[in-house]
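# Results of the structural survey
Single-letter residue listing:
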There are 2 protein chains.
Amino acid sequence: MLPPALDELARLLGRLRGVGQKTAQRLALQLLDSPDDYLRALGASIAELRDRVRRCSRCRGLTERDPCPTCSDPRRRDDVLCVVAHVPDQSAVEASGAFDGRYFVLHGLLSPLDDSGPEEIEADRLVERAADGKVREVILALPPSPEGEATGHYLAERLRAAGVERLTRIATGVPHGADLGFVDRVSMAHALSRRHEVDK
Amino acid sequence: MLPPALDELARLLGRLRGVGQKTAQRLALQLLDSPDDYLRALGASIAELRDRVRRCSRCRGLTERDPCPTCSDPRRRDDVLCVVAHVPDQSAVEASGAFDGRYFVLHGLLSPLDDSGPEEIEADRLVERAADGKVREVILALPPSPEGEATGHYLAERLRAAGVERLTRIATGVPHGADLGFVDRVSMAHALSRRHEVDK
């Protein structure tokens, strides 16, 4: 019973992952009750998104100017490169405040089931980036999952062959503040096998 | 670490009900990976929504032309008017295939806590609509909730005073196909008190 314009909007919204038909209809109705200026701003923001945001030619992170602010920042170290799978992972590393080097964003992981191979994650471009003569260490900040492990192994081999001096990966274990009774067994096994001396 | 255009989009999406900050960011990133023509279509659809869709002057339902197709349909009965709170409720009644009269959409319910009074649900307009000389019965298809009950009582009083001959409400009870062990106690109480003779 929805008018065509609303139906069309619900159909378009329903193409987004995680947005079912009911949710799409609810969102469309909610948008109809929203202020005009909000709708114009949101509509323009979506329509112009890909004209404004592109991938940085150095790190493949998302940016409006190339190279991106992080790659252009003279205060960051050039000798450590942190490899992440996705843009939010880069934000999480940055938010830790524990890293002041450069980044490389794969925009995916190796996954035979999803047809995602070395070309999809731009492995050649990463190897080239890491071989710029300044990078001494590459940190693999990949998710602790089968795909993350497989991608890490593949990239480590490629990077080692390209002469990268030091290859590291972020530690797995129990997360800060975790209720140990609810920690999954794989994380707990990692935390045990990677145990270290108590600081004096 | 997101570029401003993406941040702005996530901020706008985050203003929608039920869309948290994380979901908004995920949706913005997903949109960035979507095809250009999809983004232009979605953007235009949102920006132009309120120019295209308005409320029908007779039933207050949503429409692109006034009066709406349902109000203009000569095959529908003029003597029964079904009052619903929200547009999806109207779709649900229509989908049942058991109603071929006219509708009136309140776009809300009486709710003192939300500052929603008779003016917000356009009670005057409903009374005027029901007193057109053709309507014989008004069906209150309101949700079985405290707000639905309160709105039903208020409207029944107003409609009765305006001379509406027959006032009815949809039945509450156990829904079709329900596992009786999981039916809430209010529905079960209604189903018991409204029990009727087994059809012969």
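Every residue gets a number counted from 1 within its own chain, in the order that chain's sequence is written. Chains carry letters and ligands carry numbers; both start at the beginning, A for chains and 1 for ligands, and go up in the order they are written. Local features in this predicted model are restricted to residues of pLDDT 70 or higher, and side-chain atom pairs are both shown and tallied only at a pLDDT of 80 or more, whereas totals for entire chains, interfaces and linings draw on every residue. Here the side-chain values reflect all heavy atoms present in the structure, with hydrogen atoms and water set aside.

## Details of the environment of Asp199 of chain B
All names here are of chain B. Helical segments are the DSSP runs of H or I of at least four residues, strand segments are the runs of E of at least two, and each set is numbered from the N terminus. Within the element layout of this structure, Asp199 appears in the segment after helix H8 (185-193). Classification of Asp199 by relative accessible area gives exposed; the value is 69%. Taking the C-alpha atoms as reference points, Asp199 and Pro3, separated by 196 residues in sequence, lie 67 Å from one another. Only protein chains enter the accessibility calculation, which uses a 1.4 Å probe. A residue is then buried if its area is under 20% of the maximum for its type, exposed if over 50%, and partly exposed in between.

## A look at the interface of chain A and chain B
Every residue pair with non-hydrogen atoms within 4.5 Å of one another is taken to be in contact. On the side of chain B, 49 residues touch chain A, which itself brings 49 residues to the contact. Values labelled buried area give the accessible surface lost by two parts on being combined, using a 1.4 Å probe and summing over both. Of the roughly 4,700 Å² buried where chain A meets chain B, counting both sides, 68% is carbon and sulfur surface. If you sort the residues of chain A by the area they bury against chain B, Met1, Ile46 and Arg50 of chain A come out on top, with a joint share of 16%. Any Lys or Arg side-chain nitrogen located within 4 Å of an Asp or Glu carboxyl oxygen qualifies as a salt bridge. Viewed at the interface, chain B and chain A are joined by four salt bridges. Residue Asp36 of chain A pairs with Arg50 of chain B through a salt bridge whose shortest N-O separation is 2.7 Å. Whenever a nitrogen or oxygen atom comes within 3.5 Å of another N or O atom, the pair is scored as a polar contact, on the condition that within protein one atom can donate a hydrogen and the other can accept it, and that pairs from neighbouring residues in sequence are kept only if both atoms are in side chains. Applying the counting rule to chain A against chain B returns 15 residue pairs in polar contact (both at pLDDT 80 or more). Listing elements by their share of the side of chain A that touches chain B, those giving two or more residues are helix H1 (4-13), helix H2 (21-32), helix H3 (36-52), strand S2 (62-63) and helix H5 (87-95) of chain A. Considering every element that reaches the side of chain A that touches chain B, the biggest residue donor is H3 of chain A, with 14 residues.

## So, the domain arrangement of chain A
Either an automatic procedure or a domain database provided the assignment from which the domain bounds are taken. What the domain assignment reports for chain A is domain 1 (4-52), domain 2 (76-169) and domain 3 (174-200). Once you take the C-alpha centre of each, domain 2 of chain A and domain 3 of chain A turn out to be 25 Å apart.

## Here's the deal with the sheet that holds strand S4 (residues 102-105) of chain A
Residue and element names in this part refer to chain A. One bridge is not enough; two strands pair if DSSP finds at least two bridges between them. Spatial strand order, S4-S3-S5-S6: four strands in an open sheet with parallel pairing. Since the sheet does not close on itself, it has two edges, and those belong to S4 and strand S6 (166-169), each with one partner. Across this sheet, the average inter-strand angle for adjacent strands is 25°, counted without regard to direction. Pairing of strand S3 (residues 80-84) with strand S5 (residues 137-141), which is carried by five bridges, proceeds in the parallel orientation. By the bridge assignment for S5, Cys82 is matched with Ile139. Where H5 meets the sheet, its contacts fall on S3, S4 and S5, and the angle it forms with S4 comes to roughly 160°. Against the sheet, helix H7 (residues 146-161) touches S3, S5 and S6, its axis set at about 170° to S5. With axes taken as lines fitted to C-alpha atoms, and helix axes fitted only over the stretch in contact, angles between N-to-C directions fall between 0 and 180 degrees.

## With respect to the relation of the copies chain A and chain B
Here the copies were fitted onto each other by least squares, based on C-alpha atoms from residues at pLDDT of at least 70 in both. Taken as rigid bodies, chain A and chain B are interconverted by a rotation of 180° and an axial shift of 0.0 Å, the fit giving an RMSD of 0.0 Å. Both copies of the chain, as the preceding transformation shows, are related through a two-fold rotation axis. Identified as the residue of chain A closest to the rotation axis by C-alpha distance is Gly43 of chain A, at 1.9 Å. Here 100% of the contact residues of chain A are again contact residues in chain B; the copies associate through an equivalent surface.

## Quick notes on the packing of H3 of chain A against helix H3 (residues 36-52) of chain B
Taken N-terminus to C-terminus, the directions of H3 of chain A and H3 of chain B make an angle of 170°; their axes are 8 Å apart at the nearest point. As the angle between them shows, H3 of chain A and H3 of chain B are arranged roughly antiparallel. Here Asp36, Leu39, Arg40, Leu42, Gly43, Ile46, Ala47, Arg50 and Asp51 of chain A of H3 of chain A lie close against H3 of chain B, whose contacting residues are Asp36, Leu39, Arg40, Leu42, Gly43, Ile46, Ala47, Arg50 and Asp51 of chain B. Under the grouping applied here, Gly and all other residues not named as nonpolar or charged are polar, the nonpolar ones being Ala, Val, Leu, Ile, Met, Phe, Trp, Tyr, Cys and Pro and the charged ones Asp, Glu, Lys and Arg. Looking at the contact of H3 of chain A with H3 of chain B residue by residue, the classes come out as eight nonpolar, two polar and eight charged. Oblique is the label for any angle not covered by the other classes, which are roughly parallel (under 35 degrees), roughly antiparallel (over 145) and roughly perpendicular (65 to 115).

## Here's the deal with the side chain of Arg76 of chain B
All names here are of chain B. Mapping Arg76 onto the fold places it in the loop between helix H4 (69-72) and strand S3 (80-84). By relative accessible area, Arg76 is classed as buried at 11%. Once you skip the residues sitting within four places of it in the chain, Arg76 turns out to touch Thr70, Glu94, Phe99, Asp100, Gly101, Arg102 and Tyr103.

## Brief notes about the packing of aromatic side chains
Residue and element names in this part refer to chain A. Stacked, tilted and edge-to-face are the three classes assigned to paired rings of Phe, Tyr and Trp, where Trp is represented by its six-membered ring and a pair needs centres within 6.5 Å; plane angles under 30 degrees give stacked, over 60 edge-to-face, the rest tilted. Counted according to the given criterion, the structure contains two aromatic pairs over all chains. With a centroid separation of 5.2 Å and an interplanar angle of 65°, the aromatic rings of Phe99 and Tyr103 are classed as edge-to-face. Grouping residues by exposure puts Phe99 and Tyr103 together as buried.

## Comments concerning the side chain of Gln30 of chain B
Mapped onto the secondary structure, Gln30 of chain B falls in helix H2 (residues 21-32). Among residues more than four places away in sequence, those in contact with Gln30 of chain B are Arg15, Leu16 and Arg17 of chain A.

## So, the pattern of salt bridges
Tallied over the entire structure, the rule returns 32 salt bridges over all chains. Salt-bridge contacts for Glu8 of chain B lead to Arg11 of chain B; the nearest nitrogen and oxygen are separated by 3.2 Å. On the criterion of helical spacing, the pair formed by Glu8 of chain B and Arg11 of chain B is a turn pair, its members being three residues apart in helix H1 (residues 4-13). Through salt bridges with shared partners, a single ionic network connects Arg55, Arg60, Glu122 and Arg125 of chain A.

## Points about the sheet that holds S3 of chain B
All names here are of chain B. Ordered in space as S4-S3-S5-S6, the four strands form an open sheet in which the pairing is parallel. Edge positions in the sheet fall to strand S4 (102-105) and strand S6 (166-169), since each of these pairs with one other strand and no more. Neighbour-to-neighbour, the strand axes of this sheet turn through a mean angle of 25°, independent of strand direction. Along the sheet, helix H7 (residues 146-161) contacts S3, strand S5 (137-141) and S6; its crossing angle with S5, the most-contacted strand, is approximately 170°.

## Notes on the environment of Arg40 of chain A
For Arg40 of chain A, the position within the fold is in helix H3. The exposure class of Arg40 of chain A is partly exposed, given its relative accessible area of 40%. If we ignore the near neighbours within four places in the chain, the residues touching Arg40 of chain A are Ala47 and Asp51 of chain B. For Arg40 of chain A, the side chain forms a polar contact with the side chain of Asp51 of chain B, separated by 3.2 Å.

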